Amino acid sequence: MRPLRVSCRLADGCFASTDGLLMLDAILAAEWMRRNHPDQYYNDGAKGEYIEPQLPLAEVDVAGHRIYRASAAQYLKRGEYIHYWHKRLDEGIVEKHIDRPRKVDTKAGHYKGYRMPLVVQLAGPMLYWFCRGDLAGVADLLGGVKALGKKRSQGFGMVGLDTAGRPGWTVEEWLEDWGIYGPDGRLMRPVPVGNEIPEGARVMRWGIRPPFWLHNNKALCRMPEVGDWDG
């Protein structure tokens, strides 16, 4: 396990995320699950029956919790905007496949219509992550990651391609381990605080390891600042 820097260029310089946090361990975990357990992909997490991904990252104990030595994405934020996505029932299809006329409720239930806001971050376009891990293992997993953030299927967060037409990730050795704390003591990822909260710290209940949405994987954390990276 060695200190590493991971980088990629966004194809159009934006990704969808409300908080602007793109966690390297979450990206690697999702790809590991896609390759090794595509039939589950954390679907059983709500029941507490999920598979722990085997990631090529070092871990450390902080305030009684095990977390990966892997940062959130570091980038220079240029702005953000709200995009709306819609779900609407196609009445023509309903008329074609329903034998007898009946009312379809579009205000509740399976056919409910949606108009949902999506926060789109204008970033970089370069994104950087830092970690302590196995270079070959990290590079192998990232080679299958084509997009980042929310609504990837709609074209958001696409990773730029290299000259061979593959996702253009770069994984290289770095001089220092910035997986948790970076230059000048900068916090690089959410870190559990336990019972002692640093004065003036921004603290939230947050995910500490993937899958981040799982209740058992959440703890009170000191939150990093993102979007001001100029390195």
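Cut-offs used in this document
Residues numbered from 1 in each chain as written. Predicted model: local features only at pLDDT ≥ 70, side-chain atom pairs only at ≥ 80, totals over all residues. Heavy atoms only, no water. Helix = DSSP H or I, 4+ residues; strand = E, 2+ residues; numbered from the N terminus. Areas by Shrake-Rupley, 256 points an atom, 1.4 Å probe, with all protein chains shown as cover. Salt bridge = Lys/Arg side-chain N within 4 Å of Asp/Glu carboxyl O. Buried < 20%, exposed > 50% of the residue type's maximum accessible area, 1.4 Å probe, protein only. Pairing = 2+ DSSP bridges. Axes fitted to C-alpha atoms, helices over the stretch in contact; angles between N-to-C directions. Contact = heavy atoms within 4.5 Å. Phe/Tyr/Trp six-rings, centres within 6.5 Å; stacked < 30°, edge-to-face > 60°. Expected span 1.5 Å × (residues − 1).

Peer 1: Account for the overall build of the chain, naming residues and giving values.
Peer 2: Helix and strand counts for the chain come out as three helices and eleven strands. When its helices and strands are written in sequence order, the chain yields β-β-α-β-β-β-α-β-β-α-β-β-β-β. Accessible surface, the chain: about 13,200 Å² in total, of which carbon and sulfur atoms supply 49%.

Peer 1: Talk me through the pattern of salt bridges; I want residue IDs and the actual numbers.
Peer 2: One pass over the structure, following the stated rule, counts 14 salt bridges. Note that Arg34 is salt-bridged to Glu31, the shortest N-O span being 2.6 Å. Highlighted residues: Arg34 and Glu31, both in helix H1 (residues 24–36), separated by three residues, approximately one helical turn. On the basis of relative accessibility, which here comes to 43%, the residue Arg34 falls in the partly exposed class. Look at Glu31 and you get buried, because its relative accessible area is 5%. Close ionic contact of Asp177 with Arg69 constitutes a salt bridge, the shortest N to O distance being 2.9 Å. One end of the pair, Asp177, is in the loop between strand S8 (169–173) and strand S9 (191–192); the other, Arg69, is in the loop between strand S4 (65–68) and strand S5 (77–87), and 108 residues separate them in sequence. Each of Glu31, Arg34, Arg35 and Asp140 takes part in one network of salt bridges that share partners.

Peer 1: Mind laying out the sheet that holds strand S1 (residues 2–9), listing which residues take part and the relevant values?
Peer 2: In sheet architecture, strand pairing relies on hydrogen bonds along the backbone and comes in two forms, parallel and antiparallel. Strand order in the open sheet formed by three strands is S7-S1-S8, and the pairing between neighbours is antiparallel. Each of the sheet's edge strands pairs with one partner strand only, and the pair in question is strand S7 (126–133) and S8. Across this sheet, the average inter-strand angle for adjacent strands is 20 degrees, counted without regard to direction. Across the sheet, helix H3 (residues 135–142) lies against S1, S7 and S8, angled at about 175 degrees from S8, the strand it touches most.

Peer 1: Residues and numbers for the side chain of Arg189, please.
Peer 2: With respect to the helices and strands, Arg189 occurs in the loop between S8 and S9. On the accessibility criterion, Arg189 (0% relative accessible area) is buried.

Peer 1: So what's going on with the packing of aromatic side chains? Residues and values would help.
Peer 2: Given two aromatic rings, one states the distance between the centres and the angle between the planes to describe the pair. The full count for this structure, using the stated rule, is seven aromatic pairs. When the centroid spacing of 5.8 Å and the interplanar angle of 70 degrees are considered together, the rings of Trp174 and Trp178 count as edge-to-face. Overall, Trp174 belongs to the partly exposed group, its relative accessible area being 28%. Aromatic ring contacts, followed pair by pair, group Phe130, Trp174, Trp178 and Trp229 into a single cluster.

Peer 1: Just give me the short version of the sheet that holds strand S11 (residues 218–222), but keep the residues and values in it.
Peer 2: Pairing is antiparallel in the open sheet, where three strands are placed in the order S9-S11-S10. A single partner strand is all that each edge strand has here, and the edge strands are S9 and strand S10 (203–207). The pairing of S10 with S11 spans five bridges and is classified as antiparallel. When the bridges of S11 are listed, Gly207 appears paired with Lys218.

Peer 1: Go over H1, please, and point to the residues and values.
Peer 2: For H1, with 13 residues, the first-to-last C-alpha span of 18 Å sits near the 18 Å given by 1.5 Å per residue. When we look at burial in H1, the residues that qualify are Leu24, Asp25, Ile27, Leu28, Ala29, Glu31, Trp32 and Met33. Here the buried face of H1 lies against S1, S4, S7 and H3.

Peer 1: Residues and numbers for the environment of Gln40, please.
Peer 2: Along the polypeptide, Gln40 turns up in the loop between H1 and strand S3 (59–62). Gln40 sits in the partly exposed class, given a relative accessible area of 24%. Counting along the chain gives eleven residues from Gln40 to Ile51, while the straight-line C-alpha distance between them is 8.5 Å. If near-sequence neighbours (up to four positions away) are discounted, Gln40 is found in contact with Met33 and Ile51.

Fair warning: the whole summary comes from geometry, so function is off the table for now.
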